[in-house]
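Architecture and fold: a report
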Amino acid sequence: MDFEEKQIHVLRKGGKKDVVEVSPPSMQDIKDYLAVRLERYRGSNDDAAYVFLTRVNDGAPLSNRAIEALVKKYTKAFKSNKSIPHTN
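Residues numbered from 1 in each chain as written. Predicted model: local features only at pLDDT ≥ 70, side-chain atom pairs only at ≥ 80, totals over all residues. Heavy atoms only, no water.

**Description of the overall build of the protein**
Applied cut-off: Elements are defined by DSSP. Helices are runs of H or I of four residues or more, strands are runs of E of two residues or more, and each kind is numbered from the N terminus. Only protein chains enter the accessibility calculation, which uses a 1.4 Å probe; a residue is then buried when its area is under 20% of its type maximum, exposed when over 50%, and partly exposed in between. Each accessible area is a Shrake-Rupley estimate made with a 1.4 Å probe; only the visible protein chains count as cover when residues are assessed.
Along its length, the protein carries 2 helices and 2 strands. Along the protein, helices (α) and strands (β) appear in the sequence β-β-α-α when read from the amino end. Here the protein holds 88 residues, and the buried ones make up 12% of them. Just so you have it, the protein exposes about 7,600 Å², and 52% of that area is on carbon and sulfur atoms.

Structural data, given as structure tokens:
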């Protein structure tokens, strides 16, 4: 994550690298989450560490299935007339 440039570097399927632009309020939300992540989820500050973790299995990364379920849940909860970005 690059907080100065407000970008997240993502590793996609097949090892493809991508950069995602993120709004300043969303970057602040991520910073706030990372501040409590160590204690709540037993995460690591390592740059290569997973961002989103479970509370079980000693802070294991969320599975693809869990992330898909969360995206579906919150997309449904906040759906409006605006289009939802592609999430695969």
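That was the structure; now back to the text.
**Here we look at a nonpolar patch on the surface**
We count it as follows: Patch construction takes residues with relative accessible area above 30% that form no salt bridge. Like charges are linked within 9 Å, and nonpolar side chains (Val, Leu, Ile, Met, Phe, Trp, Tyr) are linked within 5 Å. In the sections that follow, a salt bridge refers to a side-chain nitrogen of Lys or Arg positioned within 4 Å of a carboxyl oxygen of Asp or Glu.
Judged by side-chain polarity, Leu70, Tyr74 and Phe78 come together as a nonpolar surface patch covering roughly 340 Å² of accessible area. Relative to the elements of secondary structure, Leu70 occurs in helix H2 (residues 64-78).

**As for the pairing of strand S2 (residues 17-21)**
Operational definition: What makes two strands pair is DSSP finding at least two bridges between them.
Relative to S2, strand S1 (residues 7-11) runs antiparallel, the two being bridged by 5 bridges. Paired with Ile8 across the two strands is Val20, which belongs to S2. Linkage of S1 to S2, two consecutive antiparallel strands, is achieved through a turn of 5 residues, within which Gly14 is found at a positive phi near 75°.

**Thoughts on helix H1 (residues 24-41)**
Applicable threshold: Expected span of a helix, by definition, is 1.5 Å for each gap between consecutive residues, and there is one gap fewer than residues. A residue's bend is simply the angle between two axes: one fitted to the seven residues ending at it, one to the seven starting at it. Contact definition: two residues touch when any of their heavy atoms are within 4.5 Å.
In this model, H1 (18 residues) spans 24 Å end to end at C-alpha, consistent with the 26 Å of a helix rising 1.5 Å per residue. Taking the largest bend as the criterion, H1 deviates by roughly 35°, centred on Ala35. Among the structural elements, S1 are those in contact with the buried residues of H1. Downstream of H1 by a residue or two, Arg42 has a phi angle that is positive, lying close to 55°.

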